[in-house]
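Chain by chain, the residues:
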Amino acid sequence: VPISNIRNFCIIAHIDHGKSTLADKLLQLTGTVQTRDMKEQFLDNMDLERERGITIKLQAARMRYLLGNEPYCLNLIDTPGHVDFSYEVSRSLAACEGALLVVDASQGVEAQTLANVYLALENNLQIIPVLNKIDLPGAEPARIAQEIEEIIGLDCSEAIHCSAKDGIGITEILTAIVKKVPPPQENADKPLRALIFDSYYDSYRGVIVYFRIIDGTLKKGDKIYFMASEKEYFADEIGVLSPGQMPVGELFAGEVGYLSASIRSVADARVGDTITHFGKKAHSSLPGYEEATPMVFCGLFPIDADQFPELRDALQKLQLNDAALKFEPESSSAMGFGFRCGFLGLLHMEIVQERLEREYNLNLITTAPSVVYRVNRLNSDTIECSNPSFLPEPGMRKSIEEPYVKIDLLTPKDYIGPLMELGHERRGLFKEMNYITENRATITYELPLAEMVGDFFDQLKSRSKGYASMEYNFIGYRESDLVRLDIQINGEPVEPLATIVHRDKAYAVGRALTQKLKELIPRQMFKVPIQACIGAKVIASEALSAIRKDVLSKCYGGDITRKKKLLKKQAEGKKRMKAIGKVDVPQEAFMAVLRLE
Ligand code: GTP
């Protein structure tokens, strides 16, 4: 088709508002995939994603659509649905001219919808509002349309009423994409510039790169150059996504496609990088490229020290496919050898841990996540510290800075009080509150990232009965009065339990943490003191009393099922323990600091 008949679009939606369901229906109605070869949801094709019901990796699909007798080529570029991946979202938006804004007509606008709409507006996308789930008895499309108009200022007089589930409104959506989304610009004669919006590692072919050509033309076999990674390759295979990979000989400005070039790691062809010709380089790369900056770090230690080499291999393999994952070896007397790993956020961290355990069969202890602190030392240099146990002693440092985020909460007005309490408890600096409709308000805080790591999101949900949503952005480093809280078990410091807290909270955290550890650590054959200290000073102390008898002694001989049950319980309890000195410490103890009441 001519470039004037190409439309590149994406779908933006809050989690669970129906993005994947709608994408499936668009693919079905255009005959791109037959119902019988559809996996349950075509676009989210990683198992882990399906289980968690969230979209992590972006994908793309090309659809053919006839309007009247005119054939159109519609490229759908999928976007991940979680704040940890907002950079990826911004790059896939940059590859499009239009966006479907899908809003659940029974729920209304959520914080993430807002954030993504603003990103789309910044990228000058044409936005088509879609009110989904109109089949639900609680759907109020008229009210939600008005809400979108009020909050976002988007004309909703032509908003499409849709039920992705029942297939209502799908043709209207396809027609609106053709009529409202502008075609790409005709830049085929310029030097090649293609924007990478996704890449993944395939163990047979190397990295597969998904891109949108902004300027120029790419032919099979061309020598290409990645402008950010400064790597050169031959484009052995190029093609389109329909949605399976279909090789072609040539791709032009405006088109979306994939290439493979025996690239060994996604770090060489990262999202946001610009592909150009090696022999005829573009003057400048496309805007918006960012290095991945890990915001959250944790220690990963094999329970069985023999698994250290396997853990290293597994991390290296995952990194081939995940340019944002960082790791370096770490050892401690308590934990032995392991790795300090950096992640974009907590979800990213959980995904990596889960894959290590599930796909690589590793048995790991994970230490509590920490943010990256900046320590200004007395000798006037500044170091970054992502491991609390390495925080320089007070005598060595002038000040400590910690990362701050701006966080926007969107909530029904009934929960404003409880959420403001939460913001206050987490050292939040209240910035503003606005009623966006009669019943809903946005509340903005500036808050230390460290206070968000852990159960902030759970608290937000439980204090608002599930109705509030949030969105956050890193805003920079600020000085804080922080101290390191060390934990000693049986008189030995346990480095992975060390944590950095605000001085005003240190006593409360110390008390709560020692109590929690007392609950979590199983009793031993001897008495075990558990202490929290700042420097040499003990600020809280608990003791585990000794057990003398074996669990089985409770069984009074007779009942064999009860005996089995007890043994099983004991075995389960043993699964995730790390022996620290003479004391077995369970996995939960390492995370205890995240869930202190
Ligand atoms: P993420 O991938 O997490 O971003 O979610 P999503 O926005 O892709 O949502 P998804 O398509 O997975 O749908 C979420 C839930 O809403 C699923 O249980 C769907 O079956 C349901 N759903 C989607 N569209 C409709 C609809 O039109 N009507 C009804 N009743 N349910 C729908």
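Higher on the page you've got the structure.
So, here's what we can say about the structure. Since this is a predicted model, take the numbers as computed values, not measurements.

## Considerations on the nonpolar core
Here comes step 1: Counting residues in hydrophobic clusters, the biggest one holds 45 residues, and the most contacted among them are Leu311, Leu356, Ile407, Met452 and Met470.
Here comes step 2: Broken down by element, the residue count for this core peaks at five residues, all from helix H7 (residues 308-320).
Here comes step 3: The next biggest cluster of nonpolar side chains, apart from the first, holds 41 residues, and it includes Leu101, Ala139, Cys156 and Tyr210.

## Observations concerning the pairing of strand S19 (residues 336-343)
Here comes step 1: With six of eight residues buried, S19 is to be regarded as a mostly interior element.
Here comes step 2: For strand S17 (residues 296-302) and S19, the ladder comprises five bridges, and the chain directions are antiparallel. Bridge pairing in S19 places phenylalanine 297 opposite glycine 342.
Here comes step 3: Inspection of the sheet shows strand S18 (residues 326-332) paired to S19 by seven bridges, in the antiparallel sense. Its bridge partner being in S19, proline 329 is matched across the sheet by phenylalanine 339.
Here comes step 4: Between S18 and S19, which pair antiparallel one after the other, the connecting turn spans three residues.

## Considerations on the sheet that holds strand S4 (residues 98-104)
Here comes step 1: The strand order across the open sheet built from six strands is S2-S3-S1-S4-S5-S6, with neighbouring strands paired in mixed fashion. Edge positions in the sheet fall to strand S2 (60-67) and strand S6 (160-161), since each has one partner strand and no second.
Here comes step 2: The strands that helix H1 (residues 19-29) touches are strand S1 (6-13), S2, strand S3 (70-77) and S4; relative to S1, the one it contacts most, it runs at about 155 degrees.
Here comes step 3: Running at roughly 155 degrees to S1, helix H4 (residues 111-122) makes contact with S1, S4 and strand S5 (126-132) of the sheet.

## Regarding empty space enclosed by the protein
Here comes step 1: Inspection of every chain in the model, using the stated rule, returns two cavities of 30 Å³ or more.
Here comes step 2: Size it by volume and the second largest cavity reaches roughly 40 Å³.
Here comes step 3: Taken together, Phe301, Glu330, Ser332, Arg340, Thr367, Asn387, Ser389, Glu495 and Pro496 form the lining of the second largest cavity.
Here comes step 4: Of the residues that constitute the lining of the second largest cavity, the class distribution is two nonpolar, four polar and three charged.

## Concerning the pairing of strand S34 (residues 583-586)
Here comes step 1: Strand direction decides the pairing type here: strand S33 (residues 577-580) and S34, joined by four bridges, are antiparallel. Its bridge partner lying in S34, methionine 577 is registered against proline 586.
Here comes step 2: Connecting S33 to the antiparallel partner S34 that follows it, the hairpin turn spans two residues, and glycine 581 within it adopts a positive phi of roughly 60 degrees.

## A word on unusual backbone geometry
Here comes step 1: One non-glycine residue with positive phi stands out, namely serine 380, at about 75 degrees.
Here comes step 2: Structurally, the position occupied by serine 380 is in the loop between strand S22 (373-377) and strand S23 (382-385).
Here comes step 3: Backbone geometry at arginine 427 places phi at a positive 60 degrees, although glycine is not the residue there.
Here comes step 4: Relative to the assigned elements, arginine 427 resides in the loop between helix H9 (416-425) and strand S25 (429-435).

About the cut-offs
Residues numbered from 1 in each chain as written. Predicted model: local features only at pLDDT ≥ 70, side-chain atom pairs only at ≥ 80, totals over all residues. Heavy atoms only, no water. Core = buried A, V, L, I, M, F, W, Y, C linked by side-chain atoms within 4.5 Å. Buried < 20%, exposed > 50% of the residue type's maximum accessible area, 1.4 Å probe, protein only. Helix = DSSP H or I, 4+ residues; strand = E, 2+ residues; numbered from the N terminus. Pairing = 2+ DSSP bridges. Contact = heavy atoms within 4.5 Å. Axes fitted to C-alpha atoms, helices over the stretch in contact; angles between N-to-C directions. 1 Å grid on protein atoms, 1.4 Å probe; cavity = no way out; pocket = protein on both sides within 12 Å on 5 of 7 lines; lining within 4 Å. Points joined across faces, edges and corners; volume = space filled by probe spheres on them. Nonpolar A, V, L, I, M, F, W, Y, C, P; charged D, E, K, R; others polar.

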